[in-house]
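Summary of structural features
What follows is each chain in one-letter form.
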Amino acid sequence: MGTCACEQKGQFTDEDTAAVKSVLDGYGQKEGELVHALQDVQHALGYLPKEAMEMIADSFNLSFAHIYGVASFYAHFYFAPRGKNIIKVCTGTACHVRGAKDIVIGLEEELGIEAGGTTDDMEFTLETVSCVGCCALAPVVVVNEEVVKEKKPKRIVSSVRGSEDDK
Amino acid sequence: MTNKRLKGAKDLELLRKDLLKGREEESASVRVCCGTGCRASGSDKIVESLEREAAKAGLNIRVCPTGCQGLCEKGPLVVSVVDGTFYHKVDAFDAPKIVDLTLGRKEKIDRLLLSDPITGERAQTEEEIPFYAKQERVVLKNCGHIDPESIEDYIAAGGYKALAKALTGMTPDEVLSEIKAARLRGRGGAGFDAGVKWEGARRVKSDVKYIICNGDEGDPGAFMDRSVLEGDPHAVIEGMIIAAYAVGDSKNGYIYARGEYPLAVKNMNIAITQARELGLLGKNILGSGLNFDVEVKKGAGAFICGESTALMYSIEGKRGMPRPTPPRSVEKGLYGKPTVLNNVETLACVPPIIEKGADWFRSIGTKGSPGTKIFALTGKVKNTGLIEVPMGISIGEIIYDIGGGIIDDREFKAAQIGGPSGGCIPKEHLDLEVDFDSLSEVGAMMGSGGLVIMDESDCMVEIARYFLSFTQVESCGKCPPCRIGTSEMLKILTDIVEGRGKEGDIERLEEIGKRIQETALCGLGKSAPNPVLSTIRYFRDEYEAHILKDFCPAGACVSLGHYRIESSECLMCNLCVEVCAFDAIIEKRGSLYIDEVYCDKCGACIGVCPTNCIVREFVEKPALAKSGKGETKDE
């Protein structure tokens, strides 16, 4: 698709509707499945647009407020589109004492965004995470769900850009 | 792959015999650590190339990708099963050599053997490495030894033997009394007796009961649950089935795994499917009439969901906020039904106890806390990784014998144990025998077992602030003591760290901390002030130095530093002048200097200086009453 990412922001397409529908088809109305349904919808769309949550509310026969209440409680749910590549810097205790802060600052400078933000070209989202359980390799960075050992902010970003060029 | 359901204990034994026979026929096998840590260092590529090379050489070699082998720092790890040769920091390019020399000609590759940092001698096998020698592996015995994606491996290693024993040879009451006699204490933090918990749930009459495995390991600095879920998922399932049998009336179990652990969720789901295929989960398990099934619930990123009542609400699809107890969850838990909730490690302790008996379990560890404990040893030690040691081992032994001492042989300052619920153990307690009770006596807590070692360059006030910033963000906000209290404490700590501390701050921190401990709703809230109170208890002088002398003894708090330009090395490039947002760098008589009055101590100038001639110094000022401090800046 040739359209710019920022034009798509906030637009809920028919494709999205279909995607949410196909996810929700796999679920009943059991409230216990709600968190998993939210996770799957987010996996399909990259974030949780209001329209998608309304569809989930209808499907589970719960109010929109209830759905939003649950989704907003958990840190893994996002209500705005995120970048194509997600860089998470672990700031757990072990990473903290081994200098995770410097990596965060370095990446913030390299990408020109603050932790939690997304670059304007929608390429990168930078986040911090409390602990990914790789404390023995501290400090660690997770790029698109993969733990990487690289600690130099410039190299982390360029390796992501580089692997994209390969495709 | 047998697709046959096992109809009884005999079927299981036959299958085990078959599997063991098949293993003997293989000429060699090699274990490659594929835990999250080693995967990050590229171990999956090593598996691929080892397989390729073995096929090329025409050798019948089994390449076994295992869970975490423990010594993550030195990964990726490769162990030859034939003679136990232990290789560290292996590269995919080493594969041809390993296949040819080690597996083919039984020669060792010196370069890949781990050398002792003191003697320089190279250890040939795992047993020769001090990191492993001092450990006692009960829960981790399979972790790193079997392929977690293979139920055959688990069964060949003696898996599900305990389950067969319990289901065919013991009554639920006998299982219960065995666990009680073993005095198995919950490994998730508080150390509550698991047998008592099971008994409580057994006593309540209900048509449905639930067994939950708590794998929401939110403590930063802990990863033992992740490693067990990833590396030995069947042990957890086996423990849960035994729990279901002992408690009775439970048909469903949930494994609540942290959302940050994708590999654990994956391996757990594979294991569940395999167990179902063999009839070890589902209806009429091993012909005993027991019906029980397990499901994985993936967390969505909330530390508070590690608290039992919050976790249950989260499984129900609600906001994961704790509720007041009683009623305890063994009476009214998930969906209002009696529920047993145990930690991953606790459940993984169950099969060995049933198999070898309570007396054996009690022979390990201390009287009050029998058994072993897994610690995630991290921070400033040479060997970081996952260790399992008998309870009662001293902190000193862990750090120096297993951990190999402090990095760069610096001075040990404190060990932080138990994450944001725990506390710091200073030098004077290095020989403290670690168990549940001794730790709470010194103001720390077992927690889940994260052990972060800190040296002289770590500022204890800053560490306390770090933990508070974590608990403050993660506070669910339901009860005011935790919601408001932690945020107040964080404000004070931030002030101290940034040089705005006032006299009386320490007392105020103690006062608020004690109130939170007394009044917060849940265990996590009650323990939130622990890191602050324990650092005040042992490092009060550091707090005082920050407040009264504007001095950070560890040299870690940048805001308390003084910035100076070493003019002999300065190129006068003016980069620092441009980057300084406070116009604090001034040119005078042909050289640059920093005006302390304007300097905000942000450190931006250090970052841009090409010759590294800007230095941050920590100078101890004479103790002054704090009221006089702000005036110089305002003038």
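All of these numbers come straight from a predicted model, not from anything done at the bench.

**Details of the interface of chain A and chain B**
Between chain A and chain B, the contact holds 35 residues from the first and 54 residues from the second. Carbon and sulfur atoms make up 56% of the surface buried where chain A meets chain B, a total of about 3400 Å² over both sides. The largest per-residue losses of area from chain A upon contact with chain B belong to Phe73, Thr93 and Val97 of chain A, which jointly make up 19% of the total buried on that side. Counting across the chain A and chain B interface gives one salt bridge. For Arg98 of chain A, the salt bridge identified is with Glu73 of chain B, shortest N-O distance 3.8 Å. On inspection of chain A and its partner chain B, the count reaches 21 residue pairs in polar contact (both at pLDDT 80 or more). Within the residue set of the side of chain A that touches chain B, elements represented by two or more residues are α3 (34-45), α5 (64-73) and α6 (93-97) of chain A. For the side of chain A that touches chain B, the element with the most residues is α5 of chain A, which contributes five residues. Residues belonging to the side of chain A that touches chain B are distributed by class as follows: 17 nonpolar, 13 polar and five charged.

**Side note on the packing of aromatic side chains**
In this description, an aromatic ring pair is defined by two values, namely the gap between the centres and the angle between the planes. Enumeration over the complete set of coordinates arrives at 12 aromatic pairs over all chains. For the ring pair Tyr74 of chain A and Phe77 of chain A, a centre distance of 6.3 Å and an interplane angle of 85 degrees mean the geometry is edge-to-face. Consider the rings of Trp360 of chain B and Phe361 of chain B, whose centres lie 6.2 Å apart with planes at 55 degrees: the pair is tilted. Residue classification places Phe361 of chain B among the buried residues on the basis of a relative accessible area of 0%. Taken together, the ring pairs in this structure connect Phe64, Tyr68 and Phe79 of chain A into an aromatic cluster.

**Quick word on the packing of helix α7 (residues 161-169) of chain B against helix α11 (residues 233-247) of chain B**
Two quantities define a packed helix pair, namely the angle between the axes and the distance from one axis to the other. All names here are of chain B. Their axes nearest at 9 Å, the elements α7 and α11 cross at an angle of 10 degrees. Here α7 lies roughly parallel to α11, going by the angle between them. In this structure, α7 uses Lys161, Ala162, Leu163, Ala166 and Leu167 to contact α11, whose residues at the interface are Glu238, Ile241, Ile242 and Tyr245. For the contact of α7 with α11, the residue count by class is seven nonpolar, no polar and two charged.

**What to know about the state of the cysteines**
Counting across every chain of the model gives zero disulfides over all chains. Looking at the unpaired Cys134 of chain A, the closest cysteine sulfur is the one in Cys135 of chain A, lying at 7.4 Å.

**A few points about the sheet that holds strand β9 (residues 282-285) of chain B**
Residue and element names in this part refer to chain B. Taken in spatial order, the five strands of this open sheet run β9-β10-β8-β7-β11, and their pairing is mixed. Each edge of the open sheet carries a strand with a single partner, namely β9 and β11 (339-343). Between one strand and the next, the sheet's axes are offset by a mean angle of 25 degrees, whatever the strand orientation. Direction of pairing for strand β7 (residues 209-215) relative to β11: parallel, over a ladder of five bridges. By the bridge assignment for β11, Ile211 is matched with Val340. Against the sheet, α11 engages β7, β8 (250-257), β9, β10 (290-298) and β11, with an angle of about 150 degrees to β7.

**What about the sheet that holds strand β1 (residues 85-90) of chain A?**
Residues and elements named next belong to chain A. Reading across the sheet, the four strands line up as β2-β1-β3-β4 and stay open at both edges, with mixed pairing between neighbours. Strands with a single pairing partner mark the edges of an open sheet, and in this sheet they are β2 (124-129) and β4 (146-148). Ignoring which end each strand starts from, the neighbouring axes of this sheet average 25 degrees apart. The sheet contact formed by β1 and β2 spans six bridges and is parallel. Looking across to β2, one finds that Ile87 is bridged to Leu126. Lying on the sheet, helix α7 (residues 100-111) is in contact with β1, β2 and β3 (141-143); it crosses β1 at an angle near 155 degrees.

**Brief notes about the pairing of strand β2 (residues 61-66) of chain B**
Residue and element names in this part refer to chain B. Buried residues dominate β2, accounting for five of its six residues. Where strand β1 (residues 28-33) and β2 come together, six bridges link them in parallel fashion. From the neighbouring strand, Ala28 faces β2, where its bridge partner is Ile61.

**With respect to a nonpolar patch on the surface**
All names here are of chain B. A contiguous nonpolar surface patch, about 180 Å² in accessible area, is contributed by Leu575, Val579 and Val608. By the secondary structure assignment, Leu575 is in helix α23 (residues 575-579). Classification of Leu575 by relative accessible area gives partly exposed; the value is 36%.

**Things to note about a negative patch on the surface**
Together, Glu146 of chain A together with Asp44, Glu48 and Glu51 of chain B make up a negatively charged patch on the protein surface. Mapping Asp44 of chain B onto the fold places it in helix α3 (residues 43-57). With relative accessibility at 36%, the residue Asp44 of chain B sits in the partly exposed group.

**Considering the packing of α11 of chain B against helix α12 (residues 262-277) of chain B**
Residues and elements named next belong to chain B. Relative orientation of the contacting elements α11 and α12 amounts to 55 degrees, with a least axis distance of 9 Å. With respect to α12, the axis of α11 lies oblique. Note on packing geometry: the crossing formed by α11 with α12 is right-handed. Residue-level inspection shows Pro233, His234, Val236 and Ile237 of α11 in contact with α12, the latter providing Asn267, Met268, Ala271, Ile272, Gln274 and Ala275. Among the residues forming the contact of α11 with α12, the class breakdown is seven nonpolar, three polar and no charged.

**Considering helix α2 (residues 14-25) of chain A**
Look at α2 of chain A: 16 Å from first C-alpha to last across 12 residues, which is about the 16 Å you get at 1.5 Å a residue. Close packing links the buried residues of α2 of chain A with α3 and α4 (50-60) of chain A.

**Observations concerning the environment of Gly169 of chain B**
All names here are of chain B. Mapped onto the elements of the fold, Gly169 is located in helix α7. Since its relative accessible area comes to 57%, Gly169 is described here as exposed. Each residue touching Gly169, except ones within four places of it in the same chain, is listed here: Ala164 and Glu174.

**Observations regarding the pattern of salt bridges**
All names here are of chain B. Here the structure, examined in full by the defined rule, presents 46 salt bridges over all chains. Measuring nitrogen to oxygen at the nearest pair gives 3.8 Å for the salt bridge that ties Glu199 to Arg203. Here Glu199 and its partner Arg203 are both found in helix α9 (residues 194-203), four residues apart, which amounts to about one turn of the helix. On the basis of relative accessible area, Arg203 is assigned to the exposed category, the value being 64%. Ionic contacts of the salt-bridge type, sharing partners, join the residues Lys380, Asp408, Arg410, Asp455 and Asp458 into one network.

About the thresholds
Residues numbered from 1 in each chain as written. Chains lettered and ligands numbered in written order. Predicted model: local features only at pLDDT ≥ 70, side-chain atom pairs only at ≥ 80, totals over all residues. Heavy atoms only, no water. Contact = heavy atoms within 4.5 Å. Buried area = accessible area lost by both parts, 1.4 Å probe. Salt bridge = Lys/Arg side-chain N within 4 Å of Asp/Glu carboxyl O. Polar contact = N/O pair within 3.5 Å; in protein donor to acceptor, adjacent residues only side chain to side chain. Helix = DSSP H or I, 4+ residues; strand = E, 2+ residues; numbered from the N terminus. Nonpolar A, V, L, I, M, F, W, Y, C, P; charged D, E, K, R; others polar. Phe/Tyr/Trp six-rings, centres within 6.5 Å; stacked < 30°, edge-to-face > 60°. Buried < 20%, exposed > 50% of the residue type's maximum accessible area, 1.4 Å probe, protein only. Axes fitted to C-alpha atoms, helices over the stretch in contact; angles between N-to-C directions. Parallel < 35°, antiparallel > 145°, perpendicular 65-115°, else oblique. Disulfide = S-S within 2.5 Å. Pairing = 2+ DSSP bridges. Patch = residues over 30% accessible without salt bridge, like charges linked within 9 Å, V, L, I, M, F, W, Y side chains within 5 Å. Areas by Shrake-Rupley, 256 points an atom, 1.4 Å probe, with all protein chains shown as cover. Lys, Arg positive; Asp, Glu negative; His and termini not counted. Charge placed at Lys NZ, Arg CZ, Asp CG, Glu CD. Left-handed = near helix turned anticlockwise from the far one by under 90°. Expected span 1.5 Å × (residues − 1).

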